[in-house]
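Below are the chains, spelled out letter by letter.
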Amino acid sequence: MVEATGEGTAAVDAGDARALPSRARLALVAVPIVGLIIASNVGDALTTTWAEDNPLALIALNSRNRVLILTTNQLDPVSYYVVATLRLLASDPLFFLLGIWYGDGAIRWIEKRSPTYGELARKAERGFGTAAYPLVLLMPNQWICLLAGAAGMSIPVFFALNIVGTVGRLYLIRVLGATFEAPIDDVLGFFREHRLELFLASIALVVVFSVIESRRGKGEVGTIKD
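As the structure is a computational prediction, the values presented were derived from the model and not from experiment. (Residues numbered from 1 in each chain as written. Predicted model: local features only at pLDDT ≥ 70, side-chain atom pairs only at ≥ 80, totals over all residues. Heavy atoms only, no water.)

## Quick notes on the overall build of the protein
Right, so step 1: Helix and strand counts for the protein come out as 12 helices and zero strands.
Right, so step 2: Reading the protein from its N terminus to its C terminus gives the helix and strand order α-α-α-α-α-α-α-α-α-α-α-α.
Right, so step 3: A buried classification covers 42% of the 226 residues belonging to the protein.
Right, so step 4: Taking contacts inside the protein between residues at least 6 apart in sequence as the whole, the part at least 24 apart equals 71%. (Helix = DSSP H or I, 4+ residues; strand = E, 2+ residues; numbered from the N terminus. Buried < 20%, exposed > 50% of the residue type's maximum accessible area, 1.4 Å probe, protein only. Contact = heavy atoms within 4.5 Å.)

## Points about a nonpolar patch on the surface
Right, so step 1: A contiguous nonpolar surface patch, about 380 Å² in accessible area, is contributed by L137, L138, M139 and V164.
Right, so step 2: For L137, the location among the structural elements is in helix α8 (residues 132–138).
Right, so step 3: Of the residues examined, L137 reaches a relative accessible area of 31% and is grouped as partly exposed. (Patch = residues over 30% accessible without salt bridge, like charges linked within 9 Å, V, L, I, M, F, W, Y side chains within 5 Å. Areas by Shrake-Rupley, 256 points an atom, 1.4 Å probe, with all protein chains shown as cover. Salt bridge = Lys/Arg side-chain N within 4 Å of Asp/Glu carboxyl O.)

## What to know about the packing of aromatic side chains
Right, so step 1: Counted by the stated rule, this structure contains four aromatic pairs.
Right, so step 2: Their ring planes at 80° and their centres at 5.6 Å tell us that F95 and W143 sit as a pair that is edge-to-face. One end of the pair, F95, is in helix α5 (residues 92–102); the other, W143, is in helix α9 (residues 142–150), and 48 residues separate them in sequence.
Right, so step 3: Where F96 meets F158, the ring centres are 4.1 Å apart and the plane angle is 15°; that geometry is what we call stacked. Of this pair, F96 sits in helix α5 while F158 sits in helix α10 (residues 155–179), placing them 62 residues apart in sequence.
Right, so step 4: For F158, a relative accessible area of 0% puts it in the buried group.
Right, so step 5: Linked through ring pairs, F96, F158 and F159 together constitute an aromatic cluster.
Right, so step 6: The aromatic ring of Y80 is capped on one face by R174, whose charged end is 4.9 Å from the ring centroid. (Phe/Tyr/Trp six-rings, centres within 6.5 Å; stacked < 30°, edge-to-face > 60°. Lys NZ or Arg CZ within 6 Å of the ring centre and 35° of its normal.)

## A look at the nonpolar core
Right, so step 1: Among the nonpolar cores identified, the biggest contains 26 residues, and F95, L98, F128, V136, A148, M153 and F158 are the most heavily contacted of them.
Right, so step 2: Of all the elements in the fold, those that place two or more residues in this core are α1 (23–53), α5, α6 (104–113), α8, α9 and α10.
Right, so step 3: Not counting the four nearest positions on each side in its chain, A148 is found in contact with F96, F128, V136, M153 and F158.
Right, so step 4: One finds L68, Y80, A84 and I184 within the second-largest nonpolar core, a separate group that totals 15 residues. (Core = buried A, V, L, I, M, F, W, Y, C linked by side-chain atoms within 4.5 Å.)

## Observations concerning the side chain of R174
Right, so step 1: Inspection of the secondary structure assignment puts R174 in helix α10.
Right, so step 2: For the buried R174, which has no salt bridge, the nearest side chain bearing the opposite charge is D76, at an N-O separation of 6.6 Å.
Right, so step 3: A distance of 2.9 Å separates a polar side-chain atom of R174 from the backbone oxygen of L75.
Right, so step 4: Residues contacting R174, with those up to four places away along its chain left out, are T72, L75, D76, P77, Y80 and Y81. (Lys, Arg positive; Asp, Glu negative; His and termini not counted. Polar contact = N/O pair within 3.5 Å; in protein donor to acceptor, adjacent residues only side chain to side chain.)

## Examining the confidence of the model for the protein
Right, so step 1: The share of residues in the protein with pLDDT of 70 or more is 78%, and the mean pLDDT across the chain is 82.
Right, so step 2: Confidence, expressed as mean pLDDT per element, reaches its minimum in the protein at helix α7 (residues 115–128) with 67 and its maximum at helix α2 (residues 55–61) with 97.
Right, so step 3: Contacts of residues 5–15 to residues separated by more than four positions or lying in other chains number 30 contacts, the stretch itself having pLDDT below 50.
Right, so step 4: The model gives residues 218–226 a pLDDT under 50, and that stretch makes 26 contacts with residues more than four places away or in other chains. (pLDDT = per-residue confidence, 0-100.)

Here is the structure:
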């Protein structure tokens, strides 16, 4: 599997025996993850219509970088930082727990369920062993969080790096939004002029991507095994 270097982390071998969670405990993690994925897909479909009219609700659904860039100039700093931080952090502890529980088995399940994201997780794994702390700080996405849990990173260190990295990312996006305010306004204007067409196209893309991923990948959360 991977080995996270530094104090508070430990080597994790593919053959390590792990105490797997009960179905009830797993459901407490899996159900919110599924809900957040659905929310992100809804946010993708609504981006062209909500980026200007309902920016706060949009980042509550989906806080991908492109959404944050489009909405940052529409929001006051408090609303932006509070809602975006909470949304970005919502899934991270859940994937961290999956990493603790299943280790490499969780990545194998991602590969079966979603080959696209599974490939991203494997690429992240290759660099994780020698750069665990910088990766959690600079790229605190769900796959990095899963690897951090699998590698045995200490909980306080994980949360400290994750929170600092998330807030730092939001600050940089805020600066980027102020710097390129005019081009962002142009994009929002284009969305405004072609709202219906873009909305329908967004829904179509979300549906097509979801269908392709579901056909390419197989497996259920409950089948993850180390």
